[in-house]
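Residue-level structural notes
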Amino acid sequence: MVTFLKSDLFLRFLGGFAMGAVAMFALQPDEGTVIGSTAIAATATQNAAL
């Protein structure tokens with residue numbers, strides 16, 4: 001097990017996973033959540049129709 005954890009294959013996988021995790025957080029769009037904006041739009045439309 002220790003040999004596998006020190007292997008080049010595992011270290012490359014771990015490095016790629018870490019870079020991917022950082023990129024997921026760094027490259028997220030600055031838009032608001034879709035659920036919140038949809039719920040607000042539905043409430044505003046429903047109140048306007050009444």
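**Quick look at the overall build of the protein chain**
When helices and strands are counted, the protein chain shows 3 helices and 0 strands. Helices and strands appear in the protein chain in the N-to-C order α-α-α. The buried share among the 50 residues of the protein chain stands at 2%.

**Some words on the confidence of the model for the protein chain**
Confidence in the prediction for the protein chain averages 77 pLDDT; 60% of positions are at 70 or higher. Looking at the elements of the protein chain, mean pLDDT is at its lowest for helix H3 (residues 34-49), recorded as 55, and at its highest for helix H2 (residues 8-26), recorded as 93.

**Quick notes on the pattern of salt bridges**
In the structure shown here, the tally under the stated rule is 1 salt bridge. We note a salt bridge from arginine 12 to aspartate 8, for which the minimum N-O separation is 2.9 Å. Of this pair, arginine 12 and aspartate 8 both sit in helix H2, 4 residues apart, roughly one helical turn. Exposure remark for aspartate 8: the relative accessible area of 47% places this residue in the partly exposed category.

**Examining a nonpolar patch on the surface**
Where nonpolar side chains cluster on the molecular surface, the patch consists of Met1, Phe4, Leu5 and Leu9 and spans about 480 Å² of accessible area. Examined against the element boundaries, phenylalanine 4 turns out to sit in helix H1 (residues 2-5). Overall, the relative accessible area of 45% leaves phenylalanine 4 in the partly exposed class.

Reading the values: rules and limits
- Along each chain, residue indices are assigned from 1 in the same order as the chain's sequence is written.
- Reporting in this predicted model follows two pLDDT cut-offs: at least 70 for local features of residues, and 80 or more for side-chain atom pairs to be given and counted; totals over whole chains, interfaces and linings ignore these cut-offs and use all residues.
- Calculated side-chain values reflect all of the structure's heavy atoms, with hydrogen atoms and water omitted.
- Counting from the N terminus, the helices are DSSP H or I runs at least four residues long and the strands are E runs at least two residues long.
- Relative accessibility decides the category of a residue: with a 1.4 Å probe and only protein chains considered, values under 20% of the type maximum give buried, values over 50% give exposed, and everything between is partly exposed.
- Per residue, pLDDT measures the predictor's confidence, with a range of 0 to 100.
- Think of a salt bridge as a Lys or Arg side-chain nitrogen and an Asp or Glu carboxyl oxygen that are within 4 Å of each other.
- Grouping into patches uses exposed residues only, defined as over 30% relative accessible area, and leaves out salt-bridged ones; the cut-off is 9 Å for like charges and 5 Å for nonpolar side chains (Val, Leu, Ile, Met, Phe, Trp, Tyr).
- Residue-level accessible areas treat just the shown protein chains as cover; the underlying method is Shrake-Rupley with a 1.4 Å probe.

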